[in-house]
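# Reading the structure
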Amino acid sequence: MIVRRGPFAKAGSSMIRMVGLALALTALHIAPARAESTSSAPGAVVYFHSPLDGARVPQRFTVKIGLKEMGVAPAGVVKEFTGHHHLLVDTDMVPLDQPIPSDYNHIHLGNGQTETVLTLPAGTHTLQLLLGDHQHVPHKPPVMSKKITIYVR
Amino acid sequence: MTERLTDFGAIIRYGNLFALEAHVSVMAELLMYRFFFRVCFIIFATITLDPHIEAGAQQPAPARKPSAPNARVFFIDLKDGATIPSKIKLRFGVENMEIAAAGVATPNTGHHHLLIDTSLPPLDQPIPSDFNHIHFGGGQTEAEITLPAGEHTLQLLFGDQAHTPHQPPVFSEVIHVKVDPVTVEKTRTPAPAGASVFLIEPADGATVARKMTVKFGLSGMELSPAGTSKPNSGHHHLLIDVPLPAFDREIPSDLNHVHFGRAQTETEVTLTPGDHTLQLLLGDHEHLPHDPPIFSKVIRIHVADSPAEKAPPAAAAAGRRPAPPDAAVYFIYPTNGERIYPNSTIRFGLRGMGVAPAGVVKPNTGHHHLLIDVETPPLDQPLPSDLSHIHFGNGQTEKKITLSPGEHTLQLILADEKHMPHDPPVISERIKVTVKVIRPVRKRYRR
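Residues numbered from 1 in each chain as written. Chains lettered and ligands numbered in written order. Predicted model: local features only at pLDDT ≥ 70, side-chain atom pairs only at ≥ 80, totals over all residues.

## Structural notes on the overall build of chain B
- A count of helices and strands for chain B gives five helices and 27 strands.
- Out of the 447 residues in chain B, the part that is buried amounts to 30%.
- Put simply, 69% of the contacts in chain B that link residues at least 6 apart link residues at least 24 apart. (Helix = DSSP H or I, 4+ residues; strand = E, 2+ residues; numbered from the N terminus. Buried ≥ 20, exposed ≤ 12 C-beta atoms within 10 Å, placed from the backbone. Contact = placed C-beta atoms within 7 Å.)

Pasting the structure below:
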């Protein structure tokens with residue numbers, strides 16, 4: 001992406017500031033320090049429909065999430081073989097025996113969403129998916145995608 | 001650091017007028033460039049008309065010519081505090097003195113200087129010549145100027161043949177004007193030759209139901225959401241029952257000019273029964289048509305007054321949960337018209353809502369239902385549960401199904417915890433897929 005460097009160009013920095021807003025989450029989470037893990041379904045896989053690994057994407061793009069062999073349920077809903085998606089942006093895998101943190105790098109899709117719109121600054125970013133149970137704790141064994149790298153132009 | 005340096009450069013390049021306006025926006029910057037070149041041209045013209053300007057400017061303190069008693073200069077038809085369009089023709093009046101071109105040393109004459117956004121220069125020296133001090137050395141009494149949006153001041157100052165104000169000086173009062181931002185011409189994005197937009201659906205002359213899907217096509221260019229400045233791209237605008245708007249302005253945003261700023265390629269519109277026209281117009285990141293403008297031909301459709309279409313709103317009462325207006329359910333795989341294997345995983349996409357298993361009461365959620373080879377069921381009743389209406393009550397978002405070879409239709413409907421469709425219903429288009437006849441395994445060719 002070519003950032004305009006002119007006396008009146010200020011677009012770049014404001015876009016970056018928008019990231020914070022775009023990632024704002026509703027998922028509040030009050031969690032015990034250590035929670036019991038829920039078991040996942042055998043053969044469960046969470047994966048990206050889009051973007052794909054190595055994709056070039058605009059600053060604002062939709063992440064579409066696929067889930068195999070399990071169901072989606074909003075946070076707080078206790079039901080066997082269900083969970084809700086967490087999108088980890090530019091971060092390493094979290095400890096798998098604790099609730100997933102909730103911040104700009106750990107986006108909770110607590111209403112059972114299967115896609116979300118992200119706004120990221122230009123550059124290279126990583127995305128990874130992790131399914132969490134009703135208490136935001138990863139399942140046992142964890143259902144996570146591979147970490148993908150995307151290039152935001 | 002870089003920005004500071006460039007800012008300083010801006011002050012040098014644009015003069016005070018533009019330094020004041022610094023940091024307004026990128027849009028303003030574009031305007032500035034435009035204005036800069038325009039003013040450059042005016043000054044260039046002035047200099048060409050006036051061979052003596054440099055000789056005059058170099059004299060340190062030339063003798064000032066006396067002005068006539070009661071002499072005055074003024075703007076004709078421009079009042080203090082007026083709101084003016086960006087491009088305006090100013091007319092200058094003078095009383096009790098005569099206009100003469102610069103260099104003509106006739107007594108009681110002079111020529112106009114227009115001061116934009118600046119106070120009076122030193123009156124015992126030649127008037128500077130820059131973007132804020134515009135000379136009319138040819139004896140012009142009117143000029144067309146272009147101002148950026150915002151507030152500006154204008155003042156006239158009479159100068160003699162050497163551009164020096166008279167003794168006593170003859171100048172007008174300061175006029176404050178406000179430039180109406182709506183009238184500011186924006187720089188249009190160029191479009192490549194051969195690019196076109198067209199309506200895929202409905203067809204010209206078609207008779208359609210009140211609620212219809214309109215599909216847009218674009219060739220030779222790319223789609224990009226509004227606000228994303230990218231060459232050779234734009235987003236659709238659907239013009240309903242209106243002629244093409246002005247191409248040098250932002251496309252209006254109202255019921256007749258529907259914007260698709262998220263780069264959508266289809267929409268659902270509800271029209272009153274009768275005849276209507278539809279037309280597409282591509283707009284750039286600022287909703288401005290391209291240069292040349294990319295628009296489709298006008299198509300005429302007839303909307304039939306079918307009673308079936310009126311039924312759903314009437315029945316909407318009975319306990320249906322609301323859905324957000326932008327919610328949509330769609331097939332990630334397969335797509336309409338695709339050829340698929342008999343054992344295929346159907347993948348569901350859901351926008352603007354969340355998935356919840358059946359029985360979970362939570363606003364803006366629901367679970368998927370896959371309808372195979374059946375018409376859309378009534379949407380004011382719970383969805384039936386049988387082999388052609390498959391419920392995904394565990395919150396699944398994909399399902400491997402087995403279909404017999406041949407043509408099939410698939411449709412997705414989201415429904416609430418009691419399998420009742422939402423209001424408005426969140427329902428996908430009914431897609432057609434062809435299931436391939438499977439050949440013996442040994443002959444099967446796989447990538």
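Right, picking up where we left off after that structure.
## Quick word on the overall build of chain A
- For chain A, the helix and strand inventory stands at one helix and nine strands.
- Secondary structure elements in chain A, listed N-terminal to C-terminal, are α-β-β-β-β-β-β-β-β-β.
- In chain A, buried positions account for 37% of the 153 residues.
- Contacts spanning at least 24 positions in sequence make up 69% of the contacts within chain A whose residues lie at least 6 apart.

## As for the nonpolar core
- Core analysis: the largest hydrophobic core is formed by 46 residues, its most contacted members being Val46(A), Leu87(A), Leu129(A), Val329(B), Ile413(B) and Leu414(B).
- Ranked by residue count, the leading element in this core is strand E26 (residues 406-415) of chain B, at five residues.
- Sequence-distant contacts of Leu414(B), that is, excluding residues within four places in its chain, are made with Val329(B), Leu350(B), Met353(B), Gly366(B), His368(B), His422(B) and Val426(B).
- Among the nonpolar cores identified, the runner-up in size contains 20 residues, and Leu90(B), Ile134(B), Leu147(B) and Val179(B) belong to it. (Core = buried A, V, L, I, M, F, W, Y, C linked by C-beta atoms within 7 Å.)

## Re the environment of Thr207(B)
All names here are of chain B.
- The residue Thr 207 is located in strand E11 (residues 207-208) in this model.
- Along the backbone, Thr 207 and Ile 301 are 94 residues apart, and their C-alpha atoms lie at a distance of 5.9 Å.
- When neighbours within four sequence positions are excluded, Thr 207 is seen to be in contact with His 302 and Ala 304.

## Considerations on the sheet that holds strand E7 (residues 142-146) of chain B
Residue and element names in this part refer to chain B.
- In spatial order, the strands read E1-E3-E7; together these three strands make up an open sheet with antiparallel pairing. Every interior strand has two partners, whereas the edge strands, strand E1 (72-76) and E7, have only one. Direction aside, the axes of adjacent strands within the sheet are offset by 30° on average.
- Where E1 lies against strand E3 (residues 87-95), five bridges are found, and the strand directions are antiparallel. What sits directly across from Arg 72, in E3, is Glu 95. (Pairing = 2+ DSSP bridges. Axes fitted to C-alpha atoms, helices over the stretch in contact; angles between N-to-C directions.)

## Quick notes on the sheet that holds strand E12 (residues 211-219) of chain B
Residue and element names in this part refer to chain B.
- Taken in spatial order, the three strands line up as E10-E12-E16 in an open sheet, and their pairing is antiparallel. Two strands in the sheet have a free side with no partner beyond their single neighbour: strand E10 (196-201) and strand E16 (266-270). Each neighbouring strand pair of the sheet contributes to a mean axis angle of 30°, computed without reference to strand direction.
- By the bridge criterion, five bridges tie E10 to E12 in an arrangement that is antiparallel. Looking at E12, one finds that Phe 198 is bridged to Gly 217.

## Digging into unusual backbone geometry
- Of the consecutive residues Glu201(B) and Pro202(B), the connecting peptide bond is found in the cis state with omega at -10°.
- With respect to the secondary-structure elements, Pro202(B) resides in the loop between E10 and E11.
- Looking along the chain, the bond that leaves Asp291(B) and enters Pro292(B) is cis, with omega of -5°.
- Mapped onto the elements, Pro292(B) comes out in the loop between strand E17 (274-283) and strand E18 (299-303).
- Of note, Glu69(A) is a non-glycine position whose phi angle comes to about 70°, a positive value.

## Observations regarding the confidence of the model for chain B
All names here are of chain B.
- Averaged over all residues, the pLDDT of chain B equals 81, while 81% of them reach at least 70.
- Scored below 50 in pLDDT, residues 1-22 shows 32 contacts in the model against residues more than four places distant or in partner chains.
- Per-residue pLDDT stays below 50 along residues 49-59; that stretch engages in 22 contacts with residues further than four places along the chain or on separate chains.
- With a pTM of 0.44, the predicted complex shows an ipTM of 0.72. (pLDDT = per-residue confidence, 0-100.)

## Re the environment of Ile145(B)
All names here are of chain B.
- Structurally, Ile 145 can be placed in strand E7.
- Taking the number of C-beta atoms within 10 Å as the measure of exposure, Ile 145 has 19 and is therefore partly exposed.
- In the structure, Ile 145 is positioned 56 residues away from Lys 89 in sequence and 6.3 Å away in space, judged by C-alpha atoms.
- The contacts of Ile 145, once residues within four sequence positions are left out, are Ile 88 and Leu 90.

## A closer look at the confidence of the model for chain A
- Averaged over chain A, the pLDDT score is 80; the fraction of residues at 70 or greater is 76%.
- Low pLDDT (under 50) marks residues 1-33 of chain A, which in the prediction has 55 contacts with non-local residues, meaning those over four places away or in another chain.

## Some remarks on the pairing of E18(B)
- Looking at chain direction, E11(B) and E18(B) are connected through two bridges and run parallel. Opposite Thr207(B), over in E18(B), you have His302(B) as the bridge partner.

## A short note on the environment of Pro202(B)
- On the basis of neighbour count, Pro202(B) is assigned to the buried category, with 20 C-beta atoms found within 10 Å.
- A C-alpha to C-alpha distance of 9.3 Å links Pro202(B) and Leu278(B), two positions 76 residues apart in sequence.

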